[in-house]
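Coordinate inspection notes
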Amino acid sequence: MANPFGEKNIGPWEGQQVEYIPLDDLVLWTENPRDPLDGDYTNDDVIRRATDGRNDKQWQLSKLSKEMGDRFDLSELPTVCRIDDGPKYRVYDGNRRVILAMLRKAGLTTEGQQQLVPPDFPDPIPCNVCDEETALENVERKHRGNGSWKQYERDRFMFDYRGGPKTVLIRLEELIKAVTKWPALNMRYVEDDVFNKKHLEEMGLLPDEPDFGVPLELLEELVEAVADKLDNELNTRNARNDPASVLPGELMDRIREARHRWLPWLACTEGERRRSGFPFRSPDIGGLSGGWHAGRRDRRPWHRMCSCGPFPSPGRGCRRLVR
């Protein structure tokens, strides 16, 4: 009887293979969505960060060590890729297990991690060796929906590696470090229910604008107010359907006023750009730094004014203020 799934699905497997690799040849993934690091870091740098008690929520090494028991389970192989055809391999999945193995090999104990007792590990360690695309597919399949990553980590991975959208949480983290400052925001319901497009507009924001259409200090104040409400007023289904109703009215008024000043500025600068033929660099909407307009050839810095008049103070030229 013919195999209904086709003969290509059986026989030698070329996409992935198990190889025994020395621990010294494994390179920890610094872009791990669990706790990404921006820049050049060594294995020791990553291990120090992972064993720092302040980062225990992201790494949970002690918990993993207890779950693993006395020895490494061969059913949980790290997924690795060879780096530029050299002797080193980057660990895409299983970074925590490899960290425990490295700690065990070095015989290290870490301050603040007295309960961390790494299990026994083989060295060389068996690894699932594959190409990068296969490794990223494995990471997505194992972590995207099983609760090991929170919402921001999932969003970041999908945006960086799988062609996903730049979500609200990613944008807020880039603009004001929102998830870092207020970890309570890092939940799916916050992104889907509280910060959906309809509710952002009701809060006075412009969701399609890169900076949400308001000064960054106001955006930060708004997000902080939302974070403060997550444990009480916004912790019910009804409030999530109307989050603007539980936020300070005075704050909503200031946001709407700032947005109304932003919209005429946008229309004015667009018209000036078309008339002048010059590229236009918009000023910092947060009002924290100067900028340049290109609607005049002298390219003087703007001072609270739109590009219709590079005047040093309000009261002269165009009355449509930037701030």
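Quick look at the structure, then. (Residues numbered from 1 in each chain as written. Predicted model: local features only at pLDDT ≥ 70, side-chain atom pairs only at ≥ 80, totals over all residues. Heavy atoms only, no water.)

**A word on the packing of helix α3 (residues 61-68) against helix α4 (residues 95-106)**
The following threshold applies: Here, axes are lines fitted to C-alpha atoms. For helices the fit covers the stretch in contact, and angles between N-to-C directions go from 0 to 180 degrees. A run of DSSP states H or I qualifies as a helix once it reaches four residues; a run of E qualifies as a strand once it reaches two. Both are numbered from the N-terminal end. In this scheme, roughly parallel covers angles under 35 degrees and roughly antiparallel covers those over 145, while 65 to 115 is roughly perpendicular and the rest are oblique. In what follows, residue pairs with any heavy atoms lying within 4.5 Å of each other are defined as contacts. Each residue gets one label: Ala, Val, Leu, Ile, Met, Phe, Trp, Tyr, Cys and Pro are nonpolar, Asp, Glu, Lys and Arg are charged, and the others, such as Gly, are polar.
The contact between α3 and α4 brings their axes to 10 Å, and the two run at 85°. Judged on the interaxial angle alone, α4 and α3 are roughly perpendicular. Touching Leu61, Leu64, Ser65 and Met68 of α3 are Arg96, Arg97, Ile99 and Leu100, all from α4. Within the contact of α3 with α4, the residues separate by chemical class into 5 nonpolar, 1 polar and 2 charged.

**Some remarks on helix α6 (residues 151-161)**
In an α-helix, one full turn covers 3.6 residues, which means residues spaced three or four apart are oriented alike. What counts is decided by this rule: Buried means the residue's accessible area, taken with a 1.4 Å probe over protein chains only, is under 20% of the maximum for its type, while exposed means over 50%, and partly exposed covers the values in between.
In terms of burial, α6 is largely enclosed, as 9 of its 11 residues are buried. Of the positions making up α6, those classed as buried are Gln151, Tyr152, Glu153, Arg154, Asp155, Arg156, Phe157, Met158 and Tyr161. Against α5 (132-143), α7 (168-176), α8 (178-181) and α9 (188-194) lie the buried residues of α6. At the C-terminal side of α6, glycine 163 shows a positive phi close to 75°.

**Looking at the nonpolar core**
Applicable threshold: Here, the term nonpolar core denotes a set of buried Ala, Val, Leu, Ile, Met, Phe, Trp, Tyr and Cys residues that are joined through side-chain atoms within 4.5 Å.
Leu185, Phe195, Met203 and Val226 are the most contacted members of the largest nonpolar core, which has 31 residues in total. Within the residue set of this core, elements represented by two or more residues are α7, α9, α11 (216-229) and α13 (249-276). Looking at which element gives the most residues to this core, the answer is α11, with 7 residues. Beyond its immediate chain neighbours, meaning those up to four positions away, methionine 203 contacts Val194, Phe195, Leu222, Val226, Pro243, Ala244, Leu247, Met252 and Ile255. Residues Leu77, Val98, Leu100 and Phe121 belong to the second largest nonpolar core, which totals 27 residues.

**As for the pairing of strand β5 (residues 125-130)**
How we decide: Strand pairing requires that DSSP identify at least two bridges connecting the strands.
Counting buried residues in β5 gives 6 out of 6 residues, a clear majority hidden from the surface. Covered by surrounding structure in β5 are Ile125, Cys127 and Val129 together with Pro126, Asn128 and Cys130, the residues of both alternating faces. Here 6 bridges tie strand β1 (residues 16-21) to β5, and the two strands are oriented antiparallel to one another. By the bridge assignment for β5, isoleucine 21 is matched with isoleucine 125. As defined by bridge partners, strand β3 (residues 79-82) adjoins β5 across 2 bridges and the pair is classed as parallel. Bridge pairing links valine 80 to valine 129 in β5.

These values are about where atoms sit, not about what they do.
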